Amino acid sequence: MATFKDVVGHEQIIAHLSSALKAKKISHAYIFNGEDGVGKNMLAKAFAKALQCEAGYGDSCDMCRSCHQVDSGNQPDIKWVVHEKPNSISVDDVRVQLNNDIAIKPYSSKYKIYIIDEAEKMTPQAQNALLKTIEEPPAYGIVMLLTSSIDALLPTIRSRCVTLNLKTAPFDTVVQFLMGKYQVPDYKARVCAAFSQGNIGKAIKMAISVDFNELQEDILRIVKNVDDMEVYEVMDAVKNLSEHKANIYDVIDMMLVWYRDVLMLKITNDLNLLIYKDEYRALSKRAKKSSFDGLDHIIQGLEKAKVRLRANVNFDVVLELMLLTIKEN
């Protein structure tokens, strides 16, 4: 179980939480807001562990009874609100697991902590039920809401919580973390860090993927030969990758790494700034073919494809528009 020292990035937020712990100025409600994979769960777990730690020095000690309970998954006063419906947290989920339970004093700790992951899935009724609790919580009650979409929470909920906005980690931080924690070689760590755009969870997922090398080779084969392929051939290749080796967003993000390298080479002609340094010849060839504006249009086209897919635009239409943009520029 993580302590603050194990969390990658988020130094300012950790400093804020650590200072609040030392000063014993704890809010009754927090929102951890950030995209999936950015570290909300790990940070909330580390904060909950530090809150219940008997040492009380701004982080968890890893030695007291409470810390051992957290590490073994048996801390009775840290509770995760679960929900059976995959896309909805109901009013009954909140009432039964939080509102009714919080009236009972802590079993063995200073606080009773409730963590609601994917809080954006709470129905309006569930949020209103929660609002009653966070408006008048017991002195020992703390609620943590983890969300990737803070706008889905009612303004009345947001106004009563301390909001912590989690940002993605710097490129070099991700590279060093992957090399140190997962013994990933430098080249692979750089590709994963660029692919993840600073999202630690995403970088780890790619770094430990058994299909990483094969997926990377397949995507490089596509982007290097796209000019000589028909649109339907490229579509078939991309669809095959998204069906068997990675989701379509990961495929597009890896293509983005390639085209950003092409643009970087065209702007700077500096090999050291590239992710795919070993592909200098192919990158240089592509950079000579495309203008600055053309490469910008390609990168924008790839980003737009992800937005359209999330908006449930027809998959084939999105792919065709994306590939036409690449071939035209």
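Residues numbered from 1 in each chain as written. Predicted model: local features only at pLDDT ≥ 70, side-chain atom pairs only at ≥ 80, totals over all residues. Heavy atoms only, no water.

### Here's the deal with the overall build of the protein chain
Stage number 1. Scanning the protein chain from terminus to terminus reveals 15 helices and 5 strands.
Stage number 2. Principal-axis analysis of the C-alpha atoms places the extent of the protein chain at approximately 70 × 40 × 30 Å.
Stage number 3. Looking at the protein chain as a whole, 50% of its 329 residues qualify as buried.
Stage number 4. The contacts in the protein chain between residues at least 6 apart in sequence include a share of 72% that link residues at least 24 apart.
Stage number 5. Of the side-chain charges in the protein chain, 41 are positive and 43 negative, and the distance between the mean point of each set is 5 Å. (Helix = DSSP H or I, 4+ residues; strand = E, 2+ residues; numbered from the N terminus. Buried < 20%, exposed > 50% of the residue type's maximum accessible area, 1.4 Å probe, protein only. Contact = heavy atoms within 4.5 Å. Lys, Arg positive; Asp, Glu negative; His and termini not counted. Charge placed at Lys NZ, Arg CZ, Asp CG, Glu CD.)

### Considerations on the nonpolar core
Across soluble globular proteins, nonpolar side chains have a tendency to be buried as a group.
Stage number 1. Ranked by internal contacts, the top residues of the largest apolar core, which has 60 residues, are L178, M254, Y259 and L302.
Stage number 2. With 12 residues, helix α12 (residues 248-268) is the largest single contributor of residues to this core.
Stage number 3. If we ignore the near neighbours within four places in the chain, the residues touching Y259 are V223, V226, R286, L295, I298, I299, L302 and I326. (Core = buried A, V, L, I, M, F, W, Y, C linked by side-chain atoms within 4.5 Å.)

### Overview of a nonpolar patch on the surface
Stage number 1. Residues V313, V317 and L321 make up a contiguous nonpolar surface patch of about 210 Å² in total accessible area.
Stage number 2. Topologically, V313 is positioned in the loop between α14 (292-310) and α15 (315-328).
Stage number 3. Exposure remark for V313: the relative accessible area of 35% places this residue in the partly exposed category. (Patch = residues over 30% accessible without salt bridge, like charges linked within 9 Å, V, L, I, M, F, W, Y side chains within 5 Å. Areas by Shrake-Rupley, 256 points an atom, 1.4 Å probe, with all protein chains shown as cover. Salt bridge = Lys/Arg side-chain N within 4 Å of Asp/Glu carboxyl O.)

### Some words on the sheet that holds strand β1 (residues 29-33)
Stage number 1. Strand order in the open sheet made by the 5 strands is β2-β3-β4-β1-β5, with parallel pairing throughout. Single-partner strands in this sheet number two, and they are β2 (78-80) and β5 (162-165). The average undirected angle you get between the axes of adjacent strands in this sheet is 20 degrees.
Stage number 2. Of the strand pairs in this sheet, β1 and β5 are connected by 4 bridges, and their pairing is parallel. Considered in β5, the bridge of N33 is made with N165. (Pairing = 2+ DSSP bridges. Axes fitted to C-alpha atoms, helices over the stretch in contact; angles between N-to-C directions.)

### What about the pairing of strand β3 (residues 112-116)?
Stage number 1. Among the 5 residues that make up β3, 5 are buried, leaving the element largely enclosed by the rest of the structure.
Stage number 2. On β3, burial covers both faces: K112, Y114 and I116 on one face and I113 and I115 on the other are all buried.
Stage number 3. By the bridge criterion, 3 bridges tie β2 to β3 in an arrangement that is parallel. For I78, the partnering residue across the bridge sits in β3 and is I113.
Stage number 4. Sheet topology places β3 next to strand β4 (residues 141-147); 5 bridges connect them, and they run parallel. Counterpart to Y114 in the pairing with β4 is V143.
Stage number 5. The parallel pair β3 and β4, bridged by helix α5 (residues 124-135), forms a crossover whose chirality is right-handed. (Right-handed = clockwise from strand over helix to strand, strands pointing away.)

### Digging into the environment of V8
Stage number 1. Relative to the assigned elements, V8 resides in the segment before α1 (11-23).
Stage number 2. Given a relative accessible area of 14%, V8 falls into the buried group.
Stage number 3. Look past the residues within four positions of V8 in its chain and what remains in contact with it is T173, F177 and I200.

### Observations regarding the packing of aromatic side chains
Stage number 1. All told, the structure shown has 3 aromatic pairs when counted by the stated rule.
Stage number 2. Between W258 and Y276 the ring centres are 6.1 Å apart and the planes differ by 50 degrees, which places this aromatic pair in the tilted class. With W258 in helix α12 and Y276 in the loop between α12 and α13 (280-289), this pair connects stretches of sequence that are 18 residues apart. In this pair, the class of W258 matches that of Y276, namely buried.
Stage number 3. When the ring centre of F195 is taken as reference, the NZ or CZ atom of K202 above it lies at 5.2 Å.
Stage number 4. The ring of F292 is capped by K266, whose NZ or CZ atom sits 5.4 Å from the centre of that ring. (Phe/Tyr/Trp six-rings, centres within 6.5 Å; stacked < 30°, edge-to-face > 60°. Lys NZ or Arg CZ within 6 Å of the ring centre and 35° of its normal.)

These values are about where atoms sit, not about what they do.
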